[in-house]
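Survey of secondary and tertiary structure
Residue-level listing of the chains:
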Amino acid sequence: IKPARLLLVLPFMAPTIGMQKHQQLPAAAAVQVYLRIRPLIPEEDGHELISYKVDDAHTFQLKLPDRGSQPPRNSAFSWAPSLRHRQEKFKACDGLAGVLQQDCLNERAYKMAVRPLVEPIVERNESACVFTYGHTGSGKSHTLLGYGDEPGAYKFAAADLLERIRAQDPEKCLLVRVTELYKGDRVLDLLTREECSIRQDAKGRVQVRGPMVQDDLGRIEQRPLGKLCQTPQQVTECVEVACKSRRVGTSTHHSQSSRSHLVLELEVVTPQLMDQRNLLLKRDAHLTRLKWLQMERLLYKHKERELPEWTTEHSSLTLHKEIQQYEKLVKSSQQELALTSKTLGGTLVFCDLAGNEYAQDSAGSTKEEREEAAEINKSLLAVKEMIRSLGLRGRRQGKDAKGRHVPYRDSKLAMCLKRHLETRAVMLAHISPSAQSLKKTVNTLNYSSMVGVGNNNTTTTNKHGKEKKLYGCGAW
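Residues numbered from 1 in each chain as written. Predicted model: local features only at pLDDT ≥ 70, side-chain atom pairs only at ≥ 80, totals over all residues. Heavy atoms only, no water.

Brief notes about the overall build of the protein chain
Heads up, the rule is: Runs of E in the DSSP output that reach at least two residues are strands. Runs of H or I that reach at least four are helices, and both are numbered from the N terminus. Only protein chains enter the accessibility calculation, which uses a 1.4 Å probe. A residue is then buried if its area is under 20% of the maximum for its type, exposed if over 50%, and partly exposed in between. Note on definitions: a residue-residue contact is assigned when non-hydrogen atoms from the two residues lie within 4.5 Å. Using a 1.4 Å probe, accessible areas were evaluated by the Shrake-Rupley method; residue-level cover was limited to the displayed protein chains.
Regarding its fold elements, the protein chain presents 13 helices and 23 strands. Looking at the protein chain as a whole, 45% of its 476 residues are labelled buried. Nonlocal contacts in the protein chain, meaning residues at least 24 apart in sequence, comprise 73% of its contacts between residues at least 6 apart. Working note: accessible area of the protein chain is about 25,200 Å², and carbon and sulfur atoms make up 49% of it.

So, the pairing of strand β4 (residues 90–93)
Consecutive residues of a regular strand have side chains that alternate between opposite faces of the sheet. In plain terms, the rule: In this description, strands pair whenever DSSP reports at least two bridges between them.
Of the two faces of β4, only the one carrying K91 and C93 is buried; F90 and A92 on the other face are not. Note that strand β3 (residues 60–63) and β4 share 4 bridges and pair antiparallel. Bridging from a neighbouring strand, Q61 pairs with A92 of β4.

With respect to the packing of helix α6 (residues 153–168) against helix α7 (residues 232–245)
Stated precisely, the cut-off is as follows: Here the axes come from fitting lines to C-alpha atoms, over the contacting stretch only for helices, and the angles between their N-to-C directions go from 0 to 180 degrees. Working rule for handedness: look at the near helix, and if it is turned counterclockwise from the far one by less than a right angle, call the crossing left-handed; if clockwise, right-handed. Side-chain classes follow a simple rule in which Ala, Val, Leu, Ile, Met, Phe, Trp, Tyr, Cys and Pro form the nonpolar group, Asp, Glu, Lys and Arg form the charged group, and the remainder, Gly included, forms the polar group.
Where α6 meets α7, the axes come as close as 9 Å, and the angle between the chain directions of the two elements is 145°. Considering only the axes of α6 and α7, their crossing is right-handed. Between α6 and α7, the contacting residues are Y154, K155, A158, A159 and L162 on the first element and P232, V235, T236 and V239 on the second. Its residues assigned to classes, the contact of α6 with α7 comprises 7 nonpolar, 1 polar and 1 charged.

Some details on the side chain of S432
Where we set the bar: Polar contact is the term for a pair of N or O atoms within 3.5 Å; when the atoms are in protein, one must be able to donate a hydrogen and the other to accept it, and sequence-neighboring residues count only if both atoms are side-chain atoms.
By secondary structure assignment, the location of S432 is in the loop between β21 (424–431) and α13 (438–452). A distance of 3.2 Å separates a polar atom in the side chain of S432 from the backbone nitrogen of S434. When sequence neighbours within four positions are dropped, the list of residues in contact with S432 reads R38, E44, I50, H135, S437 and T441.

A word on the confidence of the model for the protein chain
We count it as follows: Each residue carries a pLDDT score, the predictor's confidence in it, ranging from 0 to 100.
Of the residues in the protein chain, 72% reach a pLDDT of 70 or more, and the chain-wide mean stands at 76. Counting contacts from residues 1–29, a segment whose pLDDT is below 50, to residues more than four positions away or on other chains yields 29 contacts. Residue range residues 454–463 is modelled with pLDDT below 50. Its contacts to residues more than four positions away, or to other chains, number 23 contacts.

Quick notes on the state of the cysteines
What we call a disulfide is simply a covalent bond connecting the sulfur atoms of a pair of cysteines. This is how the line gets drawn: Defined by distance alone, a disulfide is two cysteine sulfur atoms within 2.5 Å.
Overall, the coordinates contain 0 disulfides when judged by the stated rule. Take C129: it sits in no disulfide, and the sulfur closest to it among the cysteines is that of C351, at 6.2 Å. On the basis of relative accessible area, C129 is assigned to the buried category, the value being 0%.

Describing the pairing of strand β19 (residues 261–269)
Within β19, 9 of the 9 residues are buried, which leaves it mostly tucked inside the rest of the structure. What you see with β19 is no split at all: H261, V263, E265, E267 and V269 on one side and L262, L264, L266 and V268 on the other are buried throughout. Sheet topology note: the strand β9 (residues 173–182)/β19 ladder contains 9 bridges and is antiparallel. Looking at the pairing, L175 lines up with E267 of β19. The pairing of β19 with strand β20 (residues 347–352) spans 6 bridges and is classified as antiparallel.

Quick word on the nonpolar core
Applicable threshold: In these notes, a set of buried Ala, Val, Leu, Ile, Met, Phe, Trp, Tyr and Cys residues joined through side-chain atoms within 4.5 Å is what counts as a nonpolar core.
One finds F60, F131, L417 and M427 to be the most contacted residues of the largest nonpolar core, which totals 52 residues. When near neighbours in sequence (up to four residues on either side) are disregarded, F60 contacts L35, I37, Y52, K53, V54, K91, A92, C93, L96, V99, I431 and L445. One finds V118, L161, C229 and F350 within the second-largest nonpolar core, a separate group that totals 37 residues.

Looking at the pattern of salt bridges
Here is the rule: For this analysis, a salt bridge means a side-chain nitrogen from Lys or Arg found within 4 Å of a carboxyl oxygen belonging to Asp or Glu.
For the coordinates displayed, the defined rule picks out 13 salt bridges. In this structure, R223 and E194 form a salt bridge, with 2.6 Å as the shortest nitrogen-oxygen distance. With R223 in the loop between β15 (220–222) and β16 (227–229) and E194 in strand β11 (residues 194–195), this residue pair connects regions lying 29 residues apart in the sequence. The partly exposed category is assigned to E194, whose relative accessible area is 23%. Put simply, R277 and E267 hold a salt bridge, and the shortest N to O gap is 2.5 Å. Of this pair, R277 sits in helix α8 (residues 271–302) while E267 sits in strand β19, and the two are 10 residues apart along the sequence.

Some thoughts on the environment of I387
In this fold, I387 is placed in helix α10 (residues 367–394). Between the alpha carbons of I387 and Y408 there is a distance of 9.2 Å; along the sequence they are 21 residues apart.

Observations concerning the sheet that holds β4
With antiparallel pairing, the 3 strands of this open sheet are ordered in space as β2-β3-β4. Each edge of the open sheet carries a strand with a single partner, namely β2 (52–54) and β4. Across the sheet, the axes of successive neighbouring strands diverge by a mean angle of 20°, strand direction being ignored. In this sheet, β3 lies alongside β2 in antiparallel orientation, the contact comprising 3 bridges. In the sheet register, Y52 faces β3, and the bridge partner there is L62.

Here it is as structure tokens:
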């Protein structure tokens, strides 16, 4: 055997190498879709308004221009062939859980869409995800984070969560984590502006990990993310600090347009749980260093070279015994952590996605802005394909359901949202009432139909009168 082709299988590699080829994946998520129509902004004064109607079955119907009509003067909308030759007069968006009109404030939007998620988080230790979708300037950040004197949905959620968990146990509090996904591959902790990483463990769980630091003994430790908050005011201060560090830019619709995706996590924890997590991180860091020493000793021994000084602090026997000891300690910490986590609540995740960009809006933009727009569109497409695959897998049985591929590795955003979309999830789709944004509104409705279809019916009728199956993520 040639030395260059020798494969060393160490003890700590066994769980990774021994993973089954086809692991059974959890069932598809249930995504409820709410459509929110924002009011006109000052830049849209004098614009023609779109015409729509909402029926009792929560179906939003957008009236399309008559065939052969001309677009409004000074309109940025150019008729697409799919719209120009369309026979019907309305574009329908089925499967909606509700429609929030222009006069709906953030508090009412929270009570309709987000508050039903709070009770399962506190009472049944479940997790939930709320994410927004829409074009740039459609009001996504306004809904989740607030604007001016109007608080965002996260403030109402933090107040409700703290009130409920403090009534159960005065020691319970919220761990607030705020991360930013920028240009497809960069992940930052907005509370410290340090770079993070997204990794998948041996059990298939995707996690956002903090930066790695080295202590005086040479141990590599993972710095925990987040900050403990006892009051809603502390949560607000954390989010405000994070938003100041978020990347924003200028677009044709908004002077403070988000150029990155923001993920805000509110997790129910106790100081005891945080101490157990920190102890597990320290033990795991020491175990990792010992295994690295063991691997280096094996490599140098195979190459018949003299061992460096930093690998001779342990003999082979004492190193093996210490590894076994710390493996037992890590396993014990993991079991204690699992027992403590079962008695606590879950996690509520808010994801403020950056708005999808259009080429017609990039006139006069810089090269960096165009690259940002391309990465935003690429990540949003990856999320769309992941949701579509989850919906397809949820409607298949047996081997087809287990082996259905979910392309969550196409972007860091899809990897980050995968674990949240497999729980209870709510999507807030945002559109503009201006007729000049008609093409963007139609695209948002198409995306919403794909995600939310199946809440009422799973089939529709095409123009030839034949039934056509629709694959969405279904209802709760």
